[in-house]
Amino acid sequence: MSRQFKNTGTLNDRLSTWIRDMADKYSNSPENAALEPEIATRGGYQTSKKINVFQLDQPSIRELRDKYILPSIHHYLRTVFSEHAKNIDPHIVGWSNVLGPGDWQGPHMHPTESALASGVYYVHLPDYTPPEGCIEFLNPHPISQHHGFSPSRRIEPKEGQLLIFPPFYTHYVHPLKSGENRAIIAFDVLARSNRLRFQF
């Protein structure tokens, strides 16, 4: 699911300043998750795995969460799970990420036992020439390529755009070449209710 929000310029500026300040403070410290080899981010900065950014007492984060991300998540869950969505109590775990020139993200996915969806919100983007900085999804059904379908789908992101997708979709981000940084907030949607039951 893709949503392009309007009138988010001021919010994005505040978020970008906050993310940049975090990166300036922690990039060269153990609090930079991008330094951990098991993290897909290659270069740049990513908030510590100990932090869920959506639980921080930060006004811009709260506005993003409550006004844009949570309503979109509920819409996505209703679309995917239909009447079962009412039994889902979603919990979002988020992190911020900054990529600069030469930085990228290797192929990865976000499957866990309770994962329902993953997502990314684009806070700040440099002027870029695709594919640099673009997110690319690999086709989860390789046999479909035999029937003429593309092996991947590339998204050319825009500031203020939100993507929500299945957590088992393998994806990666092409290396940046621009001299300006790219800032995003990514998240996983987890089911914390044990009331979710499917009957077939």
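Remember, it's a predicted structure, so these values are computed and weren't measured experimentally.

J.: What am I meant to see in the overall build of the chain here?
T.: A count of helices and strands for the chain gives two helices and eleven strands. Counting helices and strands in the order they occur from the N terminus, the chain gives β-α-β-β-α-β-β-β-β-β-β-β-β. The globule rule puts the C-alpha radius of gyration for 200 residues at 16 Å, and the 17 Å found for the chain is close to it. With respect to the principal axes defined by its C-alpha atoms, the chain has extents near 50 × 45 × 35 Å. With 200 residues in all, the chain has 49% of them scored as buried.

J.: Would you explain the pairing of strand β5 (residues 104-108) in this entry?
T.: Direction of pairing for strand β2 (residues 41-42) relative to β5: antiparallel, over a ladder of two bridges. Across the sheet, residue R42 finds its bridge partner in β5, namely W104. Strand direction decides the pairing type here: β5 and strand β10 (residues 171-173), joined by two bridges, are antiparallel. Among the inter-strand pairings, Q105 is bridged to a residue of β10, identified as V173.

J.: Sorry, what's going on with the packing of aromatic side chains here?
T.: Aromatic rings considered in pairs are described by the distance between their centres and by the relative angle of their planes. Summed over the entire model, instances satisfying the criterion amount to five aromatic pairs. Taken together, F137, F165, F168 and Y169 form an aromatic cluster joined through their ring pairs.

J.: Is there a simple way to explain the pattern of salt bridges in this structure?
T.: Between side chains of opposite charge, a pair can form when the charged atoms approach closely. Evaluation of the coordinates by the stated rule reveals eight salt bridges. Here E31 ties to K50 by a salt bridge, and the two come within 3.4 Å at their closest N and O atoms. Of the two residues, E31 sits in the loop between α1 (9-26) and β2 while K50 sits in the loop between β3 (45-46) and α2 (59-81), which places them 19 residues apart along the sequence. With a relative accessible area of 67%, K50 lands in the exposed category. The partner of D66 in a salt bridge is R65, with the nearest N and O atoms 2.7 Å apart.

J.: In this structure, what is going on with the environment of E180? I would like to understand it.
T.: As for its placement among the helices and strands, E180 is situated in the loop between β10 and β11 (182-191). Leave out the neighbours within four places in its chain, and E180 touches L99, H124 and P126. Looking at E180, its side chain comes within polar contact range of the side chain of H124, at 2.6 Å.

J.: Please clarify how the sheet that holds β5 should be interpreted in this entry.
T.: What links the strands of a sheet is backbone hydrogen bonding, and the strands pair in either a parallel or an antiparallel sense. A sheet is described by the order of its strands in space; here five strands give the open sequence β2-β5-β10-β7-β8, paired in antiparallel fashion. Every interior strand has two partners, whereas the edge strands, β2 and β8 (152-155), have only one.

J.: When you look at the sheet that holds β3 in this model, what are you seeing that I'm missing?
T.: In spatial order, the strands read β1-β9-β6-β11-β4-β3; together these six strands make up an open sheet with antiparallel pairing. Unpaired on one side and paired on the other, β1 (2-4) and β3 mark the two borders of the sheet. Along the sheet, α1 makes contact with β3, β4 (90-99), β6 (115-124) and β11, crossing β6 at roughly 95°.

J.: In this structure, what is going on with unusual backbone geometry? I would like to understand it.
T.: As a rule of thumb, non-glycine residues mostly have phi less than zero, and peptide bonds are mostly trans rather than cis. With an omega dihedral of 15°, the bond running from P130 to P131 counts as a cis peptide bond. When you line up the elements, P131 lands in the loop between β6 and β7 (135-138). Positioned with a positive phi, N7 is a non-glycine residue whose angle comes to about 60°. Take N7: it is sitting in the loop between β1 and α1. Positioned with a positive phi, S82 is a non-glycine residue whose angle comes to about 55°. Within the secondary structure, S82 is located in the loop between α2 and β4.

J.: Just to check I follow, could you spell out the environment of I19 for this structure?
T.: Considering the arrangement of structural elements, one finds I19 in helix α1. Given the relative accessible area of 0%, I19 is considered buried. Residues within four places of I19 in sequence aside, it is in contact with S96, V98, V123, A183, I184 and I185.

Parameters and conventions
Residues numbered from 1 in each chain as written. Predicted model: local features only at pLDDT ≥ 70, side-chain atom pairs only at ≥ 80, totals over all residues. Heavy atoms only, no water. Helix = DSSP H or I, 4+ residues; strand = E, 2+ residues; numbered from the N terminus. Rg over C-alpha atoms; globule rule 2.2 N^0.38 Å. Buried < 20%, exposed > 50% of the residue type's maximum accessible area, 1.4 Å probe, protein only. Pairing = 2+ DSSP bridges. Phe/Tyr/Trp six-rings, centres within 6.5 Å; stacked < 30°, edge-to-face > 60°. Salt bridge = Lys/Arg side-chain N within 4 Å of Asp/Glu carboxyl O. Contact = heavy atoms within 4.5 Å. Polar contact = N/O pair within 3.5 Å; in protein donor to acceptor, adjacent residues only side chain to side chain. Axes fitted to C-alpha atoms, helices over the stretch in contact; angles between N-to-C directions.

Scope: geometric values only; no functional claims are made or implied.
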